[in-house]
Amino acid sequence: MNRQNFLGHLMLALALIALAAFAGQMRRWQHRSHAVLRGDRHTTIAPRRVEPTASAEVLVRFRPGTTVESMRSIAARLHDRLEDEIEAVDGLAVIEDEDGRTAEEVAAEYRSMPSLVEYAEPNFRINLDTDATAEPNHEHPDDPMFDEQWSLDNHGQNGGKTLADISAVRAWAKTTGSSEVVVAVIDSGVDYTHQDLMNNIWVRPPDVAQYTDDELGVIDDTYGFNAVSDNGDPMDQNGHGTHCAGIIGAEGGNHLGIAGVNWKVEIMPLKFIDASGSGTTKDAIKAINYVIDRKRAGVNVRIISASWGSTMYSKALEDVIREAGEEGILFIAASGNSSADADKSPHYPASYDLPNVISVAALNRQDELASFSNYGAKRVHIAAPGAEILSTWLNGDFREASGTSMATPEVAGVAALVLSAESELSMKELRERLLKSVDKLDSLSGKVSSGGRINAARAVGAE
Amino acid sequence: MALSKEDAVKRARADLAQRLGVSEDNIEEDAVESADFPDMALGAPIEDEMSAQMIASGWRIRLKSSGQSYEYRANRDQLRLYNYKGANYRL
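Conventions adopted
Residues numbered from 1 in each chain as written. Chains lettered and ligands numbered in written order. Predicted model: local features only at pLDDT ≥ 70, side-chain atom pairs only at ≥ 80, totals over all residues. Helix = DSSP H or I, 4+ residues; strand = E, 2+ residues; numbered from the N terminus. Buried ≥ 20, exposed ≤ 12 C-beta atoms within 10 Å, placed from the backbone. Domains from an automatic or database assignment. Pairing = 2+ DSSP bridges. Axes fitted to C-alpha atoms, helices over the stretch in contact; angles between N-to-C directions. Left-handed = near helix turned anticlockwise from the far one by under 90°. Contact = placed C-beta atoms within 7 Å. Nonpolar A, V, L, I, M, F, W, Y, C, P; charged D, E, K, R; others polar.

Colleague: How would you explain the overall build of chain A if you had to name every residue and give the values?
Modeller: For chain A, the count of helices and strands is 10 helices and 21 strands. The buried share among the 463 residues of chain A stands at 46%.

What follows is the structure, encoded as structure tokens:
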């Protein structure tokens, strides 16, 4: 091959490589844009990292009919600049801040003009991330059984109804939880050695003194409290408490088992239910008393999850739950599994008319009230998935279970997720947030006071 | 030790015979069927009992004596007499 031929072939090869690279990139762009247009929740564009743009930019959709001149004028009045009008969507524009505010602040300003603005949201830069230290993909945790967790991401699997879930995946774009938030699971204890739970189990901090009770003396409560045996070992011998704990906070993104509503959280295990699945009112009160004591000792325990109950009223149980409320602890309880109207046939503790109680009904994977679930237009407040829920079990196992027992920790988990993002919320504000963030469902009209299913994404402010 | 269905039926017959003050020969096994109960007290809570609100699988055991029907409920962890003279019993 002479020199001229060699150069010719080299130029041709370089041109072909450049063309192939361009075509490949075009396909990737097309793939991404189609995924976004379809709203496909199962298309992985990962790993990815989402961060605000350097100069504050906001996507604002003005009311239909707003002229470009009007948009420009409104923006100027707010010391912003109309950067671009998105012609494909009537009224949609990119607004750039010019006076040093954050994108959230700018968006809030536009949202405060509902007569002019339909919505406003910060513009985020989405980066493809290829390094090993990238944040986990919040769209789909790598927990191998996640696809079976319809309550977190219902895409119609096993005959379910698409989107009949708690919108966990969208919530995770904002927060996956925090080990600063402690949730007390008052139940049959928790298998705190379960591989998918052990990193999210509360351990008494060294600066918090051991639990001391006038009658029981000093108890080494390293992992919580056992009110059945009056000691510090809340190991589960039934499985129910371990199941509830996994719904709230099985470790997420750890290549193992399932994901909890919180990937990171602190589960405080408490045992008052025995191996057969029942306990006494007295032991329930002792367990709640322990939680109040730990709160007063400085532990950030803000939520009690109570997947149990009875039709028998106890004033003492009511009083101790009220006291927990005085300490700022939200008490989330199962409405009961008798297919009954709890307004007429109360089920305690869920039916106590206390400002810190939320009573939870159960839904199936079709977004219908589960056949077993209690309901009540006044005394049952919210619904959550509670049928065929996969979670952690004894001996490192995982299994499905059904009941308002399972719906309760879904709500407790969302409450913890909210606190991970807004730790300063009061108990009252947290309760209101949960009840006002629901997806209203026809199937729940007249059945629960909020009329809807809990929505984690809305509760944490991710939508 | 885990209770089998056969164990549960045997214990139920013995319990009913004792309550009624009759021989076990006078206790008839009407039906024994698998059932889902509303909670872990098998829908038969005793006084002052709080139960986990999880659907629990077990067996419904219907016995008869002198024309009267009696219902026991069991799973591998427990045996209960349901609504006997207006009350539940955990055996």
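Colleague: Residue-level account of unusual backbone geometry, with values.
Modeller: Apart from glycine, the bulk of residues carry a negative phi angle, and the bulk of peptide bonds sit in the trans form. Residue and element names in this part refer to chain A. At the junction of Tyr348 and Pro349, the peptide bond is cis and its omega measures out at 10° in the coordinates. By the secondary structure assignment, Pro349 is in the loop between strand 15 (330-334) and strand 16 (357-363). In this model, Asp367 sits at a positive phi of 70°, which is unusual for a non-glycine residue. Note that Asp367 resides in the loop between strand 16 and strand 17 (382-385). Phi angles above zero are rare outside glycine, and Asn395 is one such case at about 60°. Within the fold, Asn395 resides in the loop between strand 18 (389-392) and strand 19 (398-401). What makes Asn395 exposed here is the crowd of 9 C-beta atoms within 10 Å.

Colleague: A description of the domain arrangement of chain A should follow, citing residues and the corresponding values.
Modeller: Here the domain parsing of chain A yields domain 1 (51-127) and domain 2 (146-459). Computed over C-alpha atoms only, the centres of domain 1 of chain A and domain 2 of chain A are separated by 40 Å.

Colleague: Hey, could you go over helix 5 (residues 240-249) of chain A for me, with residue numbers and the actual values?
Modeller: One turn of an α-helix holds 3.6 residues; hence residues three or four places apart share an orientation. Within helix 5 of chain A, 10 of the 10 residues are buried, leaving the element largely enclosed by the surrounding structure. Those residues of helix 5 of chain A not exposed but buried are His240, Gly241, Thr242, His243, Cys244, Ala245, Gly246, Ile247, Ile248 and Gly249 of chain A.

Colleague: How would you explain the sheet that holds strand 2 (residues 49-52) of chain B if you had to name every residue and give the values?
Modeller: Strand order in the open sheet made by the 3 strands is 12(A)-2(B)-14(A), with antiparallel pairing throughout. Strands with a single pairing partner mark the edges of an open sheet, and in this sheet they are strand 12 (278-280) and strand 14 (308-309) of chain A. Relative to strand 2 of chain B, strand 14 of chain A is paired through 2 bridges, and the arrangement is antiparallel. Residue pairing for strand 2 of chain B: Gly309 of chain A is matched across the bridge by Ser51 of chain B.

Colleague: Residues and numbers for the packing of helix 5 of chain A against helix 8 (residues 404-421) of chain A, please.
Modeller: All names here are of chain A. The geometry of helix 5 relative to helix 8 is characterised by a closest axis approach of 8 Å and an angle of 35° between their N-to-C directions. Considering how the two elements wind past one another, helix 5 and helix 8 form a crossing that is right-handed. Listed contacts from helix 8 to His240, Cys244, Ile247, Ile248 and Gly249 of helix 5 are Ser405, Met406, Pro409, Glu410, Ala412, Gly413 and Ala416. Residue classes in the contact of helix 5 with helix 8 are distributed as 7 nonpolar, 4 polar and 1 charged.

Colleague: Explain the pairing of strand 18 of chain A to me, and be specific about the residues and the numbers.
Modeller: All names here are of chain A. Relative to strand 19, strand 18 runs antiparallel, the two being bridged by 4 bridges. If you follow Leu390 over to strand 19, its bridge partner there is Glu400. What sits between strand 18 and strand 19 in their antiparallel hairpin is a turn of 5 residues, with Asn395 showing a positive phi close to 60°.

Colleague: Outline the sheet that holds strand 3 (residues 56-65) of chain B, listing residues and values.
Modeller: All names here are of chain B. The 5 strands lie next to each other as 1-3-4-5-6, forming an open sheet whose pairing is antiparallel. Both outer strands of the open sheet, strand 1 (28-37) and strand 6 (87-90), are each paired with one neighbouring strand and no more. Direction aside, neighbouring strands of the sheet carry axes that sit 25° apart on average. Sheet analysis places strand 4 (residues 68-75) next to strand 5 (residues 78-84), joined by 5 bridges and oriented antiparallel. Paired with Asn75 across the bridge in strand 5 is Gln78.

Colleague: A description of the interface of chain B and chain A should follow, citing residues and the corresponding values.
Modeller: At the interface, 17 residues of chain B touch 27 residues of chain A. Here the residues of the side of chain B that touches chain A are counted per class, giving 9 nonpolar, 3 polar and 5 charged. As defined by bridge partners, strand 12 of chain A adjoins strand 2 of chain B across 3 bridges and the pair is classed as antiparallel. Residue pairing across strands places Ser278 of chain A opposite Ser51 of chain B, the latter belonging to strand 2 of chain B.

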